[in-house]
Amino acid sequence: MKVPLDAMNEYDDDALLALYARGDAGAARALTARLGPRVFSHAQRLLSDRAEAEDVTQEALLRLWRIAADWRTGEAKVTTWLYRVTANLCTDRLRKRRGTDLDAVPEIRDERPSVEETMQQRARAGALQAALMQLPERQRQAVVLRHIEGLGNPEIAGIMDLGTRAVESLTARGKKALEALLLGQREELGLHDDT
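All of the points below concern the structure found in this document. (Residues numbered from 1 in each chain as written. Predicted model: local features only at pLDDT ≥ 70, side-chain atom pairs only at ≥ 80, totals over all residues. Heavy atoms only, no water.)

Thoughts on the overall build of the protein
A tally of regular secondary structure across the protein gives 8 helices and 0 strands. Counting from the amino terminus, helix and strand elements in the protein follow one another as α-α-α-α-α-α-α-α. Relative to its full complement of 195 residues, the protein shows a buried share of 32%. The contacts in the protein between residues at least 6 apart in sequence include a share of 50% that link residues at least 24 apart. In the structure as shown, the protein presents an accessible area of about 13,000 Å², 50% of it carried by carbon and sulfur atoms. (Helix = DSSP H or I, 4+ residues; strand = E, 2+ residues; numbered from the N terminus. Buried < 20%, exposed > 50% of the residue type's maximum accessible area, 1.4 Å probe, protein only. Contact = heavy atoms within 4.5 Å. Areas by Shrake-Rupley, 256 points an atom, 1.4 Å probe, with all protein chains shown as cover.)

Side note on the side chain of Asn153
Inspection of the secondary structure assignment puts Asn153 in helix 7 (residues 153-160). Residue Asn153 is classed as buried on the basis of its relative accessible area of 18%. Beyond its immediate chain neighbours, meaning those up to four positions away, Asn153 contacts Arg146, Thr164, Val167 and Glu168.

Quick notes on the packing of helix 2 (residues 25-47) against helix 3 (residues 50-67)
Axis separation between helix 2 and helix 3 bottoms out at 8 Å; the angle between their running directions is 135 degrees. Viewed along their axes, helix 2 and helix 3 adopt a mutual orientation that is oblique. Remark: the crossing between helix 2 and helix 3 carries right-handed chirality. In contact with Ala28, Leu31, Thr32, Gly36, Val39, Phe40, Ala43, Gln44 and Leu47 of helix 2, helix 3 contributes Arg50, Glu52, Ala53, Glu54, Val56, Thr57, Ala60, Leu61, Leu64 and Trp65. When grouped by side-chain class, the residues that make up the contact of helix 2 with helix 3 number 12 nonpolar, 4 polar and 3 charged. (Axes fitted to C-alpha atoms, helices over the stretch in contact; angles between N-to-C directions. Parallel < 35°, antiparallel > 145°, perpendicular 65-115°, else oblique. Left-handed = near helix turned anticlockwise from the far one by under 90°. Nonpolar A, V, L, I, M, F, W, Y, C, P; charged D, E, K, R; others polar.)

Observations concerning the packing of helix 1 (residues 13-21) against helix 2
Taken N-terminus to C-terminus, the directions of helix 1 and helix 2 make an angle of 145 degrees; their axes are 8 Å apart at the nearest point. In this structure, helix 1 crosses over helix 2, and the sense of that crossing is left-handed. Note on element contacts: helix 2 touches helix 1 through Ala27, Ala28, Ala30, Leu31, Arg34 and Leu35, opposite Asp13, Leu16, Leu17, Leu19 and Tyr20. Class assignment of the residues belonging to the contact of helix 1 with helix 2 gives a composition of 9 nonpolar, no polar and 2 charged.

As for the pattern of salt bridges
Across all of its chains, the model carries 6 salt bridges by this definition. We note a salt bridge from Arg50 to Glu54, for which the minimum N-O separation is 3.5 Å. Placement of the pair is Arg50 and Glu54 together in helix 3, with a separation of 4 residues, close to one helical turn. We classify Arg50 as exposed; its relative accessible area is 52%. Between Arg95 and Asp92 there is a salt bridge, and its shortest N-O distance comes to 3.8 Å. Note that Arg95 and Asp92 are positioned in helix 4 (residues 78-98) at a spacing of 3 residues, about one turn of the helix. Among the residues examined, Asp92 registers a relative accessible area of 37% and is labelled partly exposed. Taken together, the salt bridges that share partners define one network made up of Glu59, Arg63 and Arg66. (Salt bridge = Lys/Arg side-chain N within 4 Å of Asp/Glu carboxyl O.)

Rendered as structure tokens:
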């Protein structure tokens, strides 16, 4: 049974791979459109070479099509398998390029924040939100528009139907009140005097 292309987005990766294995070329197109950009991005980060990343993407997807008939749903995620194949293909290319062994290939730095940093950011955001909720409504609105949304005072004045000086006053009073509310939590939130 052929599935209409517009319905392919409703299928998960395993289902699309199974459809392709049964001869549905549309499933391959949908899976390529879904996973190809991710594979390319991963390869590009590992290789820092667009042409090689394109080659690796094509090879990784070809390998996926070759194993489609033997794919065992539930044993691994298609994306996990595909990322592993991509990483292995990139490692092979890096070895050939440098003529060195795997131990000589530098580790790729993970740009994502650590778990600790993520937890601290959430704690800070929660503390800020709690403190904001203690401000008078107009101060809270002015502070949020200025310091969180990044709007200029004239724009805020138009939104709040106030003069620019009134906005400046509300923002300054709100910021000062926030500092006082958060002062006792500086160490707990990992804030230092230079933060």
